[in-house]
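Read off the chains here:
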Amino acid sequence: MRRSLLSLALCLPLYAAASQSLVVCTEASPEGFDIVQYTAATTADASAETVFDRLVQFAPGSTRLQPGLAESWTISDDGLVYQFQLRKGVKFHSTPWFTPSREFNADDVLWSFQRQLNADHPWHTLSPRGFPYAESMAFAQLIERIEKLDPHRVRFVLKHPEAPFLADLAMGFTSIYSAEYAGQLLKAGKPEQLNREPVGTGPFVFERYRKDAQIRFRANPDYWAGKPAIDRLLFAITPDPNVRVQQLKANACQVAVYPRPTDIASLRQDPALDILELDSLLVAYVGINTRHPPLDDLRVRQAINLAFDRRAYLRAQYGEGNASLSVAPYPATLLGFNDKLVPWPLDPQKARQLLAEAGHKDGFKLTIWTRPGGGPTNPNPGIGAQMLQADLAAIGIQAEIRVYEWGELIKRAKQGEHDLVFMGWAGDNGDPDNFLTPNLSCAAAKSGENQAGWCNQAFDELIRQARAVTDPARRAELYRQALAIFHEQAPWIPLAHPKQFAALRKGIEGFQLSPLGSNNFARVRLKQ
């Protein structure tokens, strides 16, 4: 399935030497390039952070909003009307498969959103995986209409106030596509090409993708924010974190994302490397599929939480000081964190008692799903799954570990085939709603993005109210109440809030880790 490590090592230095190029050893293959269909961070890095732009964007290394394809905006006093002045002179990419005849304008904004929101739109049914973010965040129920005022002004009218709406517009699923390119594909009967040969306005132009091996981009010479300093960008898909480090030390790649936290101390000793570190908006968890009996029983889910030694897991996965124990779906730094919640203690005796009360004194069988390789929220998947398996065995639950490639894992988990699945989430916009609505809402359970399949009406109503109010104190109280329900209902095993790391060769300048877990290389320079 993957190319041999030897052939990968041989080809990368040749490519890097051919021009002013940057080779990045990444953790996994993208699911595709039509970002609105996907939620994985690796897919966003390969599309939203390279090929596409949004109306607003996050300032590098922060959650602060700044202009993107919209150079300015106004918000009505009642929070219902958002009007955007679009940037003029922005060009779409010219590629062997598309030559634009016009510049970016309001038609592209309308197409990009209406495709996801309007069931009658000609492209709405052409997405095999639907629109997971738009669906789980109920954008169709939020946005009353989008109006084109003139070629460079658009207006969004909401049905009710939505506190995180502007930040939502900086997320990958709101990327702006070329309506002209989409029309060309539809006329040719090739809509699937949108997912294979993307066209945007972003800093890099997509060239080609070799599955499970590499993705190649070239700098966009007409980028509205200025041509990137590097001429070419290559993502070398390298699931094994040990191999990523080996390639970095051999200068086969100049950036290695997500080294294992337990390796950081030794990597800091290498004089050829720089190590970046950031307290990111990350959560690692195990989703408990409440659609599968007996996991639909609260007592069983609580027993599973009581059985797992998460402190031992934290030490084994992240080492000392590289992650904090999780008790909630988002870190304590965000609005509305409930500091009265206490992590589930390690109590196998109580766990066995709960199983007996639920009618499972002799235990039962289930599956634990995980991935190969490793990333920031699951640095060593095999060890983590084995630790959970052993702790469950101690209370009579026999667990079979199944390992799936990342894209396959996400696809099958969305279909609800798993019992327990190791997952992680990086906050996309710095708002607590982004951890709750896409992952734990009833709408997300219906779309499959909620791996627990958990739909609690009281929880759902609280987070809905929290989105609709703008007073921070009121929002915080609503979130505290919602987190209390989450904790008691135990649809997850909350694991950790890890720090984020990247390892770079000396001489790489301009790269910043993002607290949102994304990787953008538009401002990277190679020091001569």
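Basis of the calculations
- Residues numbered from 1 in each chain as written.
- Predicted model: local features only at pLDDT ≥ 70, side-chain atom pairs only at ≥ 80, totals over all residues.
- Heavy atoms only, no water.
- Pairing = 2+ DSSP bridges.
- Helix = DSSP H or I, 4+ residues; strand = E, 2+ residues; numbered from the N terminus.
- Axes fitted to C-alpha atoms, helices over the stretch in contact; angles between N-to-C directions.
- Buried < 20%, exposed > 50% of the residue type's maximum accessible area, 1.4 Å probe, protein only.
- Polar contact = N/O pair within 3.5 Å; in protein donor to acceptor, adjacent residues only side chain to side chain.
- pLDDT = per-residue confidence, 0-100.
- Contact = heavy atoms within 4.5 Å.
- Salt bridge = Lys/Arg side-chain N within 4 Å of Asp/Glu carboxyl O.
- Phe/Tyr/Trp six-rings, centres within 6.5 Å; stacked < 30°, edge-to-face > 60°.
- 1 Å grid on protein atoms, 1.4 Å probe; cavity = no way out; pocket = protein on both sides within 12 Å on 5 of 7 lines; lining within 4 Å.
- Points joined across faces, edges and corners; volume = space filled by probe spheres on them.
- Arc of directions from axis to C-beta.

### Some thoughts on the sheet that holds strand S13 (residues 282-288)
Spatially, the six strands line up as an open sheet ordered S14-S18-S13-S17-S15-S16, and their pairing is mixed. Each end of this open sheet is capped by a strand with a single partner; those strands are strand S14 (323-325) and strand S16 (397-403). Going from strand to strand, the sheet's axes swing by 25° on average, the running direction of each strand aside. Direction of pairing for strand S15 (residues 364-370) relative to strand S17 (residues 420-426): parallel, over a ladder of two bridges. Considered in S17, the bridge of Ile368 is made with Leu420.

### Observations concerning the side chain of Gln500
Within the secondary structure layout, Gln500 lies in strand S19 (residues 500-505). Looking at Gln500, the relative accessible area reads 1%, which means it is buried. In this structure the side chain of Gln500 is engaged in a polar contact, spanning 2.6 Å, whose partner is the side chain of Ser280.

### Regarding the confidence of the model for the protein
Overall, the predicted model of the protein reaches an average pLDDT of 93, with 96% of residues at or above 70. Across residues 1-18, where pLDDT falls below 50, the model places 34 contacts with residues more than four positions away in sequence or in other chains.

### Thoughts on the pairing of S17
Of all the seven residues making up S17, six are buried; the element is thus mostly covered by neighbouring parts of the structure. With seven bridges connecting them, S13 and S17 associate as antiparallel partners. Counterpart to Gly287 in the pairing with S17 is Val421.

### Observations concerning the pattern of salt bridges
Under the defined criterion, the tally for this structure stands at 27 salt bridges. The partner of Glu147 in a salt bridge is Arg155, and the shortest N-O contact between them spans 3.0 Å. The closest approach of N and O atoms between Glu408 and Arg412, which form a salt bridge, is 4.0 Å. With Glu408 and Arg412 both in helix H14 (residues 406-414), this residue pair falls four residues apart, about one helical turn. Residue class for Glu408 comes out partly exposed when judged on its relative accessible area of 28%.

### With respect to the packing of aromatic side chains
In this structure the tally under the stated criterion is 29 aromatic pairs. Taking the centre distance of 4.5 Å and the plane angle of 35° together, the rings of Phe52 and Tyr177 count as tilted. With a gap of 125 residues between them, Phe52 in the loop between helix H2 (41-46) and strand S2 (56-58) and Tyr177 in the loop between helix H6 (165-168) and helix H7 (179-188) connect regions that are remote in the sequence. Between Trp454 and Phe459 the ring centres are 4.9 Å apart and the planes differ by 55°, which places this aromatic pair in the tilted class. Among the residues examined, Trp454 registers a relative accessible area of 5% and is labelled buried.

### A short note on the layout of surface pockets
Space inside the second largest pocket adds up to approximately 670 Å³. Contributing to the lining of the second largest pocket are 31 residues, with Glu31, Gly32, Tyr38, Arg129 and Asn195 lying nearest its centre. Among the elements that take part in the lining of the second largest pocket, H14 stands out by supplying five residues, more than any other.

### Focus on H7
Considered for burial, the residues of H7 that qualify are Ala179, Tyr181, Ala182 and Leu185. With its buried residues spanning 160° around the axis, H7 presents them on a single face. In the core, the buried residues of H7 are packed alongside helix H3 (106-117).

### Topic: unusual backbone geometry
Geometrically, the link from Pro293 to Pro294 is a cis peptide bond, its omega value of 0° lying close to zero. As for its position among the elements, Pro294 is in the loop between S13 and helix H10 (298-307). A positive phi angle, close to 55°, is found at Ala490, a residue other than glycine. If you trace the backbone, Ala490 turns up in the loop between helix H18 (472-489) and strand S18 (492-498). The exposure class of Ala490 is buried, given its relative accessible area of 3%.

### Considering the sheet that holds strand S10 (residues 232-237)
One open sheet accounts for seven strands, arranged S8-S9-S10-S1-S11-S19-S12; its pairing is mixed. Looking along the sheet, the strands with just one partner apiece sit at the ends: strand S8 (204-210) and strand S12 (273-278). Averaged over all pairs of adjacent strands, the angle between strand axes in this sheet comes to 20°, irrespective of strand direction. Bridge analysis of S8 against strand S9 (residues 214-219) gives six bridges, and the strand direction is antiparallel.

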